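Examination of the molecular architecture
Residues per chain, in single letters:
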Amino acid sequence: MSSTPATNIRVPMIPPDDLPRSVKQENEYGRLESEEHLYQVKPMKRSNQMEKPIVDTPPYYISLITYLNYLILIILGHIHDFLGMKFQKDKHADVFEHDGLAPWYSKFESFFARRMKKRIDDCFSRPATGVPGRFIRCIDRISHDLNNYFTYPGTTSMCLNLSSYNYLGFAQSEGQCTDAAIKCVEEYGLHCGGPRTQIGSSNLHIQAEQLIARFVGKDEAMLFSMGYGTNANFFNAFLDSKCLIISDELNHTSIRTGVRSSGAAVRAFKHNDMDELEKLIREQIVLGQPKTNRPWKKILIVVEGLYSMEGTLCNLPKLVELKKKYKCYLFVDEAHSIGAMGPTGRGVCELFDINPKEVDFLMGTLTKSFGAAGGYIAADKWIMDRLRMDITTASYAESVPPPVLGQVISSLMTITGELNPGEGKERLQRIAFNSRYLRLGLQRLGFIVYGCPDSPVIPMLLYCPSKMPAFSRMMLQRKIAVVIVAYPATPLIESRVRFCMSSALTKEDLDYLLRHVSEVGDKLCLKLSSGKAGVPQDGIPPRWDVEDVIARTGEDCKDDRFFRV
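So, here is what we can say about the structure in this document. (Residues numbered from 1 in each chain as written. Predicted model: local features only at pLDDT ≥ 70, side-chain atom pairs only at ≥ 80, totals over all residues. Heavy atoms only, no water.)

1. Describing the overall build of the protein chain
To be explicit about the condition: Here a helix means four or more residues in a row that DSSP labels H or I, a strand means two or more in a row labelled E, and each is numbered from the N terminus. Note on contacts: a residue pair is in contact if any heavy atoms of the two residues lie within 4.5 Å. Using the Shrake-Rupley algorithm and a 1.4 Å probe, accessible areas are obtained, with residue cover drawn only from the displayed protein chains.
Check the secondary structure of the protein chain and you find 17 helices and 16 strands. Considering only intrachain contacts with a sequence separation of at least 6, the fraction spanning at least 24 residues in the protein chain is 73%. A total accessible area of about 25,500 Å² is found for the protein chain, and carbon and sulfur atoms account for 56% of it.

2. A word on unusual backbone geometry
Threshold: Per-residue accessibility, obtained with a 1.4 Å probe over protein chains only, is compared with the maximum for each type, and a residue is labelled buried under 20%, exposed over 50%, and partly exposed between these values.
Along the chain, Y487 connects to P488 via a cis peptide bond; the corresponding omega equals 10 degrees. The phi dihedral of N420 is positive, around 50 degrees, even though this residue is not glycine. As for its position among the elements, N420 is in the loop between helix 13 (402-416) and helix 14 (423-445). Among the residues examined, N420 registers a relative accessible area of 33% and is labelled partly exposed. Phi is positive for C525, close to 55 degrees, though the residue is something other than glycine.

3. Let's talk about helix 8 (residues 274-287)
This is how it is decided: Expected helix span is computed as 1.5 Å times (number of residues minus one). What the arc covers is the set of directions going from the helix axis to the C-beta atoms. Polar contacts here mean pairs of N or O atoms no more than 3.5 Å apart (in protein, one a potential hydrogen donor and the other a potential acceptor; neighbouring residues in sequence count only if both atoms are side-chain atoms).
The end-to-end C-alpha distance of helix 8 is 20 Å, a good match for the 20 Å that 14 residues give at a rise of 1.5 Å each. Residues of helix 8 that are buried include every one of M274, L277, E278, L280, I281 and Q284, and no others. Take helix 8 and look down its axis: the buried residues cluster within an arc of 160 degrees, on one side only. Seen from the buried face of helix 8, the exposed residues on the opposite side, beyond 90 degrees, are D275, K279 and V286. At its buried positions, helix 8 is contacted by strand 7 (244-248), strand 8 (265-269), strand 9 (299-304) and helix 9 (316-326). Looking at where helix 8 begins, the residue whose side-chain oxygen comes 3.2 Å from the main-chain nitrogen of D275 is D273. Backbone geometry just after helix 8 places G288 at a positive phi near 70 degrees.

These results come straight from atomic positions and should not be treated as a statement about function.
See below:
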């Protein structure tokens, strides 16, 4: 398949280890081309309520075709299963009992995974090697028997990276963060004492906790070795069966896991619907606990700061107002917003100009903006003292290794300006510009894009199931690595590609991306936007030519008139 030449991207043909240090650094973190490619995020005024976003929808025939696509796939899949289990039992051994053992798969329960997802498995979990910076080196593989297995020819492809949560570009093999990690290995080794609740805590662990607490604006923080485990083990330490959790319907699966293990009662509200949330709180206060009708011991509202599949922000001002009005606790998961959003990277509290003291629990991960691993819980001192007695993660999980702590400390100090003054500010301004530029560019090309202007997660809708593998494969041919997301992570008919923005990318890289996305979008008929979600732009039609987008969007993306803020 032909494609536009990659004139703006230098793709090295030799392994990165053989490259000079300067070239390697530029492959991992692109050089700033112009001061014009920076944008300083402005905090929203707390008194201003968030506008309800206008969600662009495709024409009705697209929804109809999408449902018909799934219907045809389901019918053909069931026919294939029926015939296969009659005449090719050896190829369907995983759905039959054998040797007294239960079948590995349930015939209907695993139908989607066996008959639909497996056909596009080459688009998921692509193996990669090296640093996931500006470029990522994907390991080539050849699919056999409809993705039943893969073989590896031993070659790799260097691709422009739009698939990693490397928001601030700290995932580098060269630079101050790597130097700090190596120094920690030399001084502490690879393993050392864990959290301060255990004997033998390292000063690195305590220093990292203090830095995080100061950064997010809380009294104390507690550090864990895994972000998923942070959520999965928090709720059972704070709640019991006489407590109530009110959760946004789009909360991450780690929150859902933790909520289930807590034994608390759970009620969900429609994503970001504050009217429904208030109604639900009032109703639960009146009803109380089931059977006894006694008042709930605690009511905890659980939301995410930035939703990773939608790119939308929580309505934090209204959440704080409801928390105070009804005497609830508020838990905000800032896995995707901390470090990447706000004028100085301090997340949604800073973005909405809200004192972090007004939020009871601030949770975040260190895998995205900080290029490390692990998670944290930050809260007032009296809460943290209680958590340290009960939370199981601190007692049973592995401690955070010294090189990871070195990465966390150095990246945090870079963001705050304590290390390499000015570098953290530039990284924040670069990701803000890149996020706005790509989002507005895609909207002007005619694509349906979800999310808020400054979100580093930019979901672009694909809809039809056949367009997921087509888009992913065509982008890989053009040396661009992207993430496609399908059911059950999204609604059935809202499959999407999720561009993950990074400050490591340059405007040239994004121009290259826009040209190829525009070309692929024309071939796959993905330009379905009605234009209603954007702001009218002086009578110009909602669909622009790609060269006009590249020429004009760089300046326009700094103007809030072109976004619904």
